[in-house]
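Spelled out from the first residue to the last, the chains are:
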2 protein chains.
Amino acid sequence: MSEIIDRNNNPGRVSDAMTRRMPAYYRRLLELENLGFLVISSKELARRMGLTDSQIRHDFNAFGGFGRRGRGYNVELLRKAIGDILDINREHNLIIIGIGNMGKALAQYKGFSEHSFKLMALFDANSELVGKRFGGARVYAINGLAKYLQKNPTDIAVICTPAAGAQELVEPLAAGGVKGIWNFAAVDLQAPDSILVNNVHLTDSLMMLAFRMHEKQVLEEDKSWISE
Amino acid sequence: MSEIIDRNNNPGRVSDAMTRRMPAYYRRLLELENLGFLVISSKELARRMGLTDSQIRHDFNAFGGFGRRGRGYNVELLRKAIGDILDINREHNLIIIGIGNMGKALAQYKGFSEHSFKLMALFDANSELVGKRFGGARVYAINGLAKYLQKNPTDIAVICTPAAGAQELVEPLAAGGVKGIWNFAAVDLQAPDSILVNNVHLTDSLMMLAFRMHEKQVLEEDKSWISE
């Protein structure tokens, strides 16, 4: 659903598959911790997450030993370790550019503050929006972006503009020291090495669902055919 | 970023990793086709997509032979084959429940109609929204949902309500014959076997980006240390 293009293709980087599982692990372990779990077996965690027991153990071996054979994993320690890897306690300063429906929805999305992403400012070309507040952050005119970045260190820019307006934002963002772009505009962005881009394709997620629905239907038809 | 929980855990299903790549392949091949490419090598496609040559060839071998060694792949045929697997030409009827910012943003998202997802109706509890139109579809009162589903076969329901209101929608949707839920509410849904749920976690995508940014920084610091 989202691709992160790392043009340096650095060796030593964690695989995409593992990286994708880590936020899910973090989220699930935090839920379990809040429910009062002290210890959990790899088998039980696998069951709850729809993964295999061996996948869980393989991944957690890579993180360093947090379990004892037959004893399961210490939920809190494991959660904290994954949090460290994800650098979850580091605050990331976020801005959103493009305050249409998607921009407004993201500005108000509670999940971000819960995960140390701090919404600092919003930008738009529409002067009628300037001065308004969404999700606690103020809208500034887009032509103030470069000046804002000079004065306010910003880690991540979320782009929610129409496709046509997105690519031209990359250069000022990179020049302003932004290190990551979370891109919801309907065009994949080209970016210099200094800045990582995560192009979000919402349709991919929906297409995956439709594919799974279709596959499920076909497999169930096969089953009923076999049992006749 | 999104998990599809298939409680039947059917054998024969395509791996998640492969499934995740397919919409990206489809999208990229369609772009290339529109740019006038007739043939593309696995190496060139890999380069453009940030994948490895062998990954591409492994995946496309699974789809059946569309290439000739040394000749590359016929772009249009391959794109159509993947489209068939994704069942991309089948129209899926969609409804959206919860017409806040996210619901409105999704209603107007052009990518859906481009991929044969047809937005049929919107539902909300707020009577002031009833009768309004977004993305060409009309808002109905949520208490009309069951009756609507009786008369209008619906494939996928997109849930964009607050977390508290989401779980109670599953039963009427399942009873109404809906086969898939695309869930943006901030709570994972429990569902019967008849209905697949894709729980979207936007924070996962953002956390992946932050992790990659952090990793890149660490690897670059390592490199500069080594070269001193």
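Higher on the page you've got the structure.
What counts and how
- Residues numbered from 1 in each chain as written.
- Chains lettered and ligands numbered in written order.
- Predicted model: local features only at pLDDT ≥ 70, side-chain atom pairs only at ≥ 80, totals over all residues.
- Heavy atoms only, no water.
- Salt bridge = Lys/Arg side-chain N within 4 Å of Asp/Glu carboxyl O.
- Helix = DSSP H or I, 4+ residues; strand = E, 2+ residues; numbered from the N terminus.
- Buried < 20%, exposed > 50% of the residue type's maximum accessible area, 1.4 Å probe, protein only.
- Phe/Tyr/Trp six-rings, centres within 6.5 Å; stacked < 30°, edge-to-face > 60°.
- Least-squares fit on C-alpha atoms with pLDDT ≥ 70 in both.
- Contact = heavy atoms within 4.5 Å.
- Polar contact = N/O pair within 3.5 Å; in protein donor to acceptor, adjacent residues only side chain to side chain.

Undergrad: Mind showing me how you'd approach the pattern of salt bridges here?
TA: Side-chain pairing between opposite charges can occur once the charged atoms of the two side chains come close. Throughout the structure, instances matching the rule amount to 18 salt bridges over all chains. A salt bridge links Arg48(A) to Glu44(A); the shortest N-O distance between them is 2.9 Å. Linking Arg48(A) with Glu44(A), this pair stays in helix H2 (residues 42-49), spanning four residues, or about one helical turn. Of the charged contacts in the structure, one is a salt bridge between Glu33(B) and Arg79(B), with a shortest N-O distance of 2.7 Å. Note that Glu33(B) is positioned in helix H1 (residues 16-34) and Arg79(B) in helix H4 (residues 75-85), a separation of 46 residues in sequence. A relative accessible area of 15% places Arg79(B) in the buried class. In this structure, a network of salt bridges that share partners links the residues Glu44(A), Arg47(A) and Arg48(A).

Undergrad: Help me understand the packing of aromatic side chains in this model?
TA: The description of two aromatic rings rests on the distance between their centres and on the angle between their planes. Residue and element names in this part refer to chain B. Evaluation of the coordinates by the stated rule reveals 16 aromatic pairs over all chains. Each ring, one from Phe-60 and one from Tyr-73, has its centre 5.2 Å from the other, and the planes form 90°; the classification is edge-to-face. Remark: Tyr-73 occurs in strand E4 (residues 72-74) and Phe-60 occurs in helix H3 (residues 53-62); sequence separation between them is 13 residues. For Phe-60, a relative accessible area of 1% corresponds to the buried category.

Undergrad: When you look at the relation of the copies chain B and chain A in this model, what are you seeing that I'm missing?
TA: Relative to chain A, chain B is turned by 180° and slid 0.0 Å along the rotation axis, the superposed coordinates differing by an RMSD of 0.1 Å. Accordingly, the operation relating the two chain copies is best matched by a two-fold axis. The C-alpha atom lying nearest the rotation axis in chain B is that of Asn101(B); the distance is 2.5 Å. When you check the interface residues of chain B against chain A, 100% turn up at the interface there too, and the contact is symmetric in its surfaces.

Undergrad: Would you take a moment to explain the interface of chain B and chain A for this structure?
TA: How big an interface is tends to be expressed through the accessible area that disappears when the partners come together. Across the boundary between the two partners, chain B contributes 74 residues, which contact 75 residues of chain A. At the boundary of chain B with chain A, the tally comes to four salt bridges. With a shortest N-O distance of 3.4 Å, Asp188(A) and Arg28(B) are connected by a salt bridge. If you look at where chain B meets chain A, you find 15 residue pairs in polar contact (both at pLDDT 80 or more). Broken down by secondary-structure element, the contributors of at least two residues to the side of chain B that touches chain A are strand E1 (2-5), H1, strand E5 (92-97), helix H5 (101-107), helix H6 (111-114), strand E10 (180-183), strand E11 (196-200) and helix H9 (202-227) of chain B.

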